[in-house]
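# Observations on the three-dimensional arrangement
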Protein chains: 2
Amino acid sequence: MATRNEPRTEPRIPLSRDRVLRAAVKLADESGIESLTMRRLAEEVGAEAMSLYYHVAKKEDVLDGIVEVIAGEINEVVGRIDVPSKGAAWKSAVRQRVLAAREVFLRHPWAPRVFETRADVSPPVVQYFDALIGLMRDGGFSYDLAHHALHALGSRALGFTQEMFDPGDGAGDEESTAMLESMAEQLPHLVGMLREIAHDDPDSTLGWCDDQTEFEFGLDLILDGLDRMRETA
Amino acid sequence: MATRNEPRTEPRIPLSRDRVLRAAVKLADESGIESLTMRRLAEEVGAEAMSLYYHVAKKEDVLDGIVEVIAGEINEVVGRIDVPSKGAAWKSAVRQRVLAAREVFLRHPWAPRVFETRADVSPPVVQYFDALIGLMRDGGFSYDLAHHALHALGSRALGFTQEMFDPGDGAGDEESTAMLESMAEQLPHLVGMLREIAHDDPDSTLGWCDDQTEFEFGLDLILDGLDRMRETA
DNA sequence: TAAGGTACTCTTACGGCGTAAGGCAGTCAA
DNA sequence: TTGACTGCCTTACGCCGTAAGAGTACCTTA
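Attention here is on the structure that accompanies the text.

## What about the interface of chain A and chain B?
Many descriptions give the size of an interface as the accessible area lost when the pieces come together. At the interface, 56 residues of chain A touch 55 residues of chain B. Surface buried jointly by chain A and chain B totals about 5,200 Å² across both partners, of which 71% is contributed by carbon and sulfur atoms. Counting the contacts that link chain A with chain B gives zero salt bridges. One can count 10 residue pairs in polar contact (both at pLDDT 80 or more) joining chain A with chain B. Breaking the side of chain A that touches chain B down by element, the ones donating at least two residues are helix H6 (111–117), helix H7 (123–138), helix H8 (143–153), helix H9 (173–182), helix H10 (188–200) and helix H11 (211–232) of chain A. No other element matches H8 of chain A, which puts 10 residues into the side of chain A that touches chain B. Looking at the side of chain A that touches chain B, its residues break down into 30 nonpolar, 14 polar and 12 charged.

## Structural notes on the nonpolar core
Ranked by internal contacts, the top residues of the largest apolar core, which has 148 residues, are Ile66, Phe115 and Leu226 of chain A together with Ile66, Phe115 and Leu226 of chain B. Apart from the residues lying within four places of it in its own chain, the contact partners of phenylalanine 115 of chain B are Val67, Ile70, Ala71, Phe105, Val125, Leu158 and Phe160 of chain B.

## Concerning helix H5 (residues 90–107) of chain B
All names here are of chain B. Taking 1.5 Å as the rise per residue, H5 with 18 residues should run 26 Å; its terminal C-alpha atoms sit 27 Å apart, in good agreement. Buried within H5 we find Trp90, Ala93, Val94, Arg97, Val98, Leu99, Ala100, Ala101, Arg102, Val104 and Phe105. At its buried positions, H5 is contacted by helix H4 (59–79), helix H6 (111–117), helix H7 (123–138) and helix H11 (211–232).

## What to know about the environment of lysine 91 of chain B
Residue and element names in this part refer to chain B. Note that lysine 91 resides in helix H5. Owing to a relative accessible area of 25%, lysine 91 belongs among the partly exposed residues under this scheme. Sequence spacing of lysine 91 and aspartate 227 is 136 residues, and the spatial spacing of their C-alpha atoms is 7.4 Å.

## Here we look at the environment of glycine 139 of chain A
Residues and elements named next belong to chain A. Position of glycine 139 among the secondary structure elements: in the loop between H7 and H8. Residue class for glycine 139 comes out buried when judged on its relative accessible area of 4%. When the C-alpha positions of glycine 139 and aspartate 227 are compared, they lie 8.8 Å apart, and in sequence the two are 88 residues distant. Other than its neighbours up to four places away in sequence, glycine 139 contacts Ser85, Gly87, Trp90 and Arg230.

## Topic: the protein's contact with DNA strand D
In the region of DNA strand D, 18 residues are neighbours, and Glu48, Ser51 and His55 of chain A together with Arg39 and Tyr53 of chain B sit closest. Sugar plus phosphate: this is where 53% of the atoms of DNA strand D within 4 Å of the protein reside. Between DNA strand D and the protein, one listed contact pairs a phosphate oxygen with a side-chain N or O atom of histidine 55 of chain A at 2.6 Å. Here lysine 59 of chain B contributes a backbone N or O atom positioned 2.9 Å from a phosphate oxygen of DNA strand D. Among the secondary structure elements, those contributing two or more residues to the surface near DNA strand D are helix H3 (49–52) of chain A together with helix H2 (38–44) of chain B. With three residues, H2 of chain B is the single largest residue contributor to the surface near DNA strand D.

## A short note on the packing of helix H5 (residues 90–107) of chain A against H7 of chain A
All names here are of chain A. Where H5 contacts H7, the axes come no closer than 9 Å and their chain directions differ by 160 degrees. The orientation of H5 relative to H7 falls into the category roughly antiparallel. Here the hand of the crossing between H5 and H7 comes out left-handed. Contacts from Trp90, Ala93, Val94, Arg97, Val98 and Ala101 of H5 reach H7 at Tyr128, Leu132, Leu135 and Met136. When the residues that make up the contact of H5 with H7 are grouped by side-chain class, the tally is nine nonpolar, no polar and one charged.

## Notes on the packing of H10 of chain A against H7 of chain B
Packing of H10 of chain A against H7 of chain B leaves a shortest axis separation of 7 Å and a crossing angle of 75 degrees. Of the possible angle classes, the one that applies to H10 of chain A and H7 of chain B is roughly perpendicular. Between H10 of chain A and H7 of chain B, the contacting residues are Pro188, His189, Leu190 and Met193 of chain A on the first element and Val126, Asp130, Ile133, Gly134 and Arg137 of chain B on the second. By residue class, the composition of the contact of H10 of chain A with H7 of chain B is five nonpolar, two polar and two charged.

## A short note on the packing of aromatic side chains
On inspection of all chains with the given rule, the structure shows nine aromatic pairs over all chains. Geometrically, the ring pair formed by tryptophan 90 of chain A and phenylalanine 141 of chain A is edge-to-face, given 4.6 Å between the ring centres and 65 degrees between the ring planes. You can see tryptophan 90 of chain A sitting in helix H5 and its partner phenylalanine 141 of chain A sitting in the loop between H7 and H8, a full 51 residues away along the chain. Look at tryptophan 90 of chain A and you get buried, because its relative accessible area is 0%. We classify phenylalanine 141 of chain A as buried; its relative accessible area is 2%. The rings of Phe105, Phe115 and Phe160 of chain A are connected pair by pair, giving a single aromatic cluster. Sitting above the plane of the phenylalanine 215 of chain B ring, arginine 102 of chain B keeps its charged end 4.4 Å from the centroid. When the ring centre of tyrosine 143 of chain B is taken as reference, the NZ or CZ atom of arginine 137 of chain B above it lies at 3.6 Å.

Rules used throughout
Residues numbered from 1 in each chain as written. Chains lettered and ligands numbered in written order. Predicted model: local features only at pLDDT ≥ 70, side-chain atom pairs only at ≥ 80, totals over all residues. Heavy atoms only, no water. Contact = heavy atoms within 4.5 Å. Buried area = accessible area lost by both parts, 1.4 Å probe. Salt bridge = Lys/Arg side-chain N within 4 Å of Asp/Glu carboxyl O. Polar contact = N/O pair within 3.5 Å; in protein donor to acceptor, adjacent residues only side chain to side chain. Helix = DSSP H or I, 4+ residues; strand = E, 2+ residues; numbered from the N terminus. Nonpolar A, V, L, I, M, F, W, Y, C, P; charged D, E, K, R; others polar. Core = buried A, V, L, I, M, F, W, Y, C linked by side-chain atoms within 4.5 Å. Buried < 20%, exposed > 50% of the residue type's maximum accessible area, 1.4 Å probe, protein only. Expected span 1.5 Å × (residues − 1). Near = heavy atom within 4 Å. Axes fitted to C-alpha atoms, helices over the stretch in contact; angles between N-to-C directions. Parallel < 35°, antiparallel > 145°, perpendicular 65-115°, else oblique. Left-handed = near helix turned anticlockwise from the far one by under 90°. Phe/Tyr/Trp six-rings, centres within 6.5 Å; stacked < 30°, edge-to-face > 60°. Lys NZ or Arg CZ within 6 Å of the ring centre and 35° of its normal.

If you want it as structure tokens, here you go:
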């Protein structure tokens, strides 16, 4: 049963923090963040669970590292954007960067949850925010307004929102739709709203919102509001 | 060792789904959500872990139930609010309710995380949103605008935001502040901003933001933007 | 009063988790 | 040659969620 000890046939790439973290991201991409366990991660890199601990301190450290990897990916993407940001142009500069960051999260749907549970600030994330503040400064923001702006944007600054009614991938829709319909009397406004939306967008069995459109709506609402404050300051 | 089997001295309140859920909230309030395990929850209600399963399906069900309890608490609080909401008054009506809901979350700091991980919509939450839509309708919102509004508000509609740099209770502040200061060259904008904030608000060792103020800033920014759309519609 | 059903709680046990403690092989400097 | 250091592995512990099924108390019906 020498499945593991065959140094000849399988050259065995040495472990490293970076390799472990990349494998963790891959595992989460493929099987979801809940299936990221130290044992499975070890298997992914062809080692035993305890071997990982030579390269990472503990599982929390893996999660911290994952954030760095994703934030690095974001910085790489937004780093390629080079548009004017002076004066009124700040808005589209920020907008473009946020939407570019969002695309990274769309590739890693499990990532927002991980970001949200990290208390500590990691260098790549800090770097991203620094650049964002820079754009606002170009637009004439005071530090105070830029600070408020970051709070107002919240996680939207990084490209994601936490939807309260996340319909997932349409799973369980009929069920909850039926549930809502059956409560039409107690929920007149909500049911009315949903009926109209379903009517206007008939392709939906109530799928039910276009996330990208809604994200941009909220983003623009905030950016426009900030822009007005910038001008009247 | 008849510590448990003494039906006389300890009358033993019967278990129930409601009692289990309330105990779960209490446990989370006192020791944090991460210490909410079926065994500890059982201990809290004076029973064995497996006994809980007669009243709840599984741990996920407990978390769903917790959301219902908290949302119920919110509905109770906002239900006592009765202010005009016709026309322009919609804004302060919504504002008041959101801030009232926020107070409930301030009493249960662990709750946002639980809300965010629930995919399914629970009746009390749905009821809350229905009332919110009702206020917007009073203000003259189309269903379409109300729908956009809910997305724009996101979790803010329920009274919380996910802060990207949550300083917790000031823990680890000096450390991260020092880290940032040492990176002043790479992070000119961020460090500049923080220096000014620290300067303007000298009591802070960088504690560092007034969450309530920032929450209201973002909320008002969004509500004002929506109000303008309402008027020009 | 006896018998059986129902509602609730418990005991036992299993597999999976994160990780502490320490062993062992390969490499490299003295 | 030796001994330290690096990198990976084995073993084991305590905690977790929960499946299976055995009591136990009470209530109904005869």
